Amino acid sequence: MKPLRYAVFLVCCMVFYVFFAESSYADLPTVAVVTTGGTIAEKLDPKTGGAVPAVSGKDLAEAVPGLSKIANIKVVEFSNIDSSQMTPEMWAKLSKTVDGILADPAIKGVVVTHGTDTMAEGSYFLDLTLKSDKPVVFVGAMRDASDVSPDGPANILNAVIQACSEEAKGWGVTVTLNQYVNSARNVRKTNSTNVQTFDSGEKGYLGYICMGRVTRFNDAPVRQKLTLPAKLPEVALLETFAGDDGALVRYAVDRGVKGIVIEGVGAGNVNAQVFEAVKYALGKAVPVVITTTVFNSGVWPMYGDQGGGATLEKAGAVPGGDLTGAKARILLMLALAQENSSREWLKKYFMK
Ligand code: ASP
């Protein structure tokens, strides 16, 4: 081919490529991937013999085959820690960061990569505090990047598919692993090692993702929105036990906590000594929320012996509905920081 014709041919190929690439880039939605750490970004450390944070946010996104065909990805590295080290104050900062990203009209949604140990609480914190109604999908992994078959890449791909999907509208913040979509409010981690660990019990999944498509099963639960305070109040979380004498409840009150969540037994019951300690707390104007360790159905004022749910509610404790103790603590921290945190208002926040 003559040099001039070859040069013209090359220019035409470049123009076509740029046009095609540009038009496909311009056509794709843009999803921000905010990385915080967790197993999804961890590798085996030969020194400790355990998984430690080791993969950058950029490498995380680049390790997902086919992601660039689904969306344009904007990576924001927030932190790189195991989620056992996460704090409510860090979730408050993450909530502000995600809202700032979602304020950009060009951003379709956000995927947050996070450790699974505290993902249920962290996703709930953002579900309660984000101002934006755009999709926010929490995703993680149960197998680290050194594993024979890491589950992180497929989970990230599905999370981005969900963030771009019309089917996912109105779900608020979700936890999406192993193809199943859970609401932040109802999800719990139910298995310490298996990839199918997140479950919402009798409330069920919101949907399922397969072959690039989102299938919608349910709408999300009614979403509450609370204002992020400048400083989060200290709230204790105590699980009661057989023979509990209530000393830890009294210690928390004397330490100066602003609220206490007690994970009771059954439908939200405690023994007579703990009941006396609850009355001690209430007498000092420290609100007490009662939850249960039981997975489904939650707290009900069914029992009238000293410390039964009916006596606790009559004494002024707030029934925590079907929230886990850890989530009830998040909600109580935020509720106490709102303008009105009277007992009647607190009851409203918990009986959703
Ligand atoms: N320990 C890890 C974390 O919570 C577990 C995981 O991400 O699967 O960060």
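Preceding block: the structure.
I will try to describe carefully the structure that is included in this document. Keep in mind it's a predicted model, so treat the numbers as computed, not measured.

Quick look at the sheet that holds strand β14 (residues 259-264) now. Read across the open sheet, the four strands follow the order β13-β14-β15-β16; overall the sheet is parallel. Of all strands in the sheet, those with a lone pairing partner are β13 (235-239) and β16 (318-319), marking the two edges. As defined by bridge partners, strand β15 (residues 288-292) adjoins β16 across two bridges and the pair is classed as parallel. Counted as the bridge partner of I290 is P319 from β16.

Along the chain, D144 turns up in the loop between β6 (136-139) and α6 (152-164). No salt bridge forms around the buried D144; measuring N to O, its nearest opposite-charge neighbour K43 is 8.7 Å away. Of the polar contacts made by the side chain of D144, one reaches the backbone nitrogen of S146; its length is 2.6 Å. Leave out the neighbours within four places in its chain, and D144 touches T39, E42, K43, L44, A51 and P150.

Quick look at the nonpolar core now. By size, the foremost hydrophobic cluster in this structure holds 46 residues, and its most contacted members are L94, V98, V110, L126, V136, F138 and F350. Among the secondary structure elements, those contributing two or more residues to this core are β1 (30-37), α4 (88-102), β5 (107-113), α5 (119-129), β6, β7 (173-177), α10 (325-336) and α11 (343-350). For this core, the element with the most residues is α10, which contributes eight residues.

What follows concerns the packing of aromatic side chains. Applying the stated criterion across every chain, the model contains four aromatic pairs. Ring centres of W91 and F125 lie 6.4 Å apart, and the angle between their planes is 40°; on these two criteria the pair is classed as tilted. Within this pair, whereas W91 is found in helix α4, its partner F125 is found in helix α5, the two being separated by 34 residues in sequence. Using a relative accessible area of 4% as the deciding quantity, one classes W91 as buried. On the basis of an interplanar angle of 20° and a centroid distance of 4.1 Å, the ring pair of Y180 and Y205 is categorised as stacked. Here the residue Y180 occupies a position in strand β8 (residues 180-183), and Y205 occupies one in the loop between β10 (198-199) and β11 (207-210), the gap between them amounting to 25 residues. On the basis of relative accessible area, Y180 is assigned to the partly exposed category, the value being 25%. Judged by relative accessible area, Y205 falls into the buried class, the value being 19%. Three or more aromatic residues link up through ring pairs in this structure, and these residues are Y180, Y205 and Y208. One residue, K327, lies across the ring of Y124, its end atom 5.7 Å from the ring centre.

Conventions used here
- Residues numbered from 1 in each chain as written.
- Predicted model: local features only at pLDDT ≥ 70, side-chain atom pairs only at ≥ 80, totals over all residues.
- Heavy atoms only, no water.
- Pairing = 2+ DSSP bridges.
- Helix = DSSP H or I, 4+ residues; strand = E, 2+ residues; numbered from the N terminus.
- Buried < 20%, exposed > 50% of the residue type's maximum accessible area, 1.4 Å probe, protein only.
- Lys, Arg positive; Asp, Glu negative; His and termini not counted.
- Salt bridge = Lys/Arg side-chain N within 4 Å of Asp/Glu carboxyl O.
- Polar contact = N/O pair within 3.5 Å; in protein donor to acceptor, adjacent residues only side chain to side chain.
- Contact = heavy atoms within 4.5 Å.
- Core = buried A, V, L, I, M, F, W, Y, C linked by side-chain atoms within 4.5 Å.
- Phe/Tyr/Trp six-rings, centres within 6.5 Å; stacked < 30°, edge-to-face > 60°.
- Lys NZ or Arg CZ within 6 Å of the ring centre and 35° of its normal.

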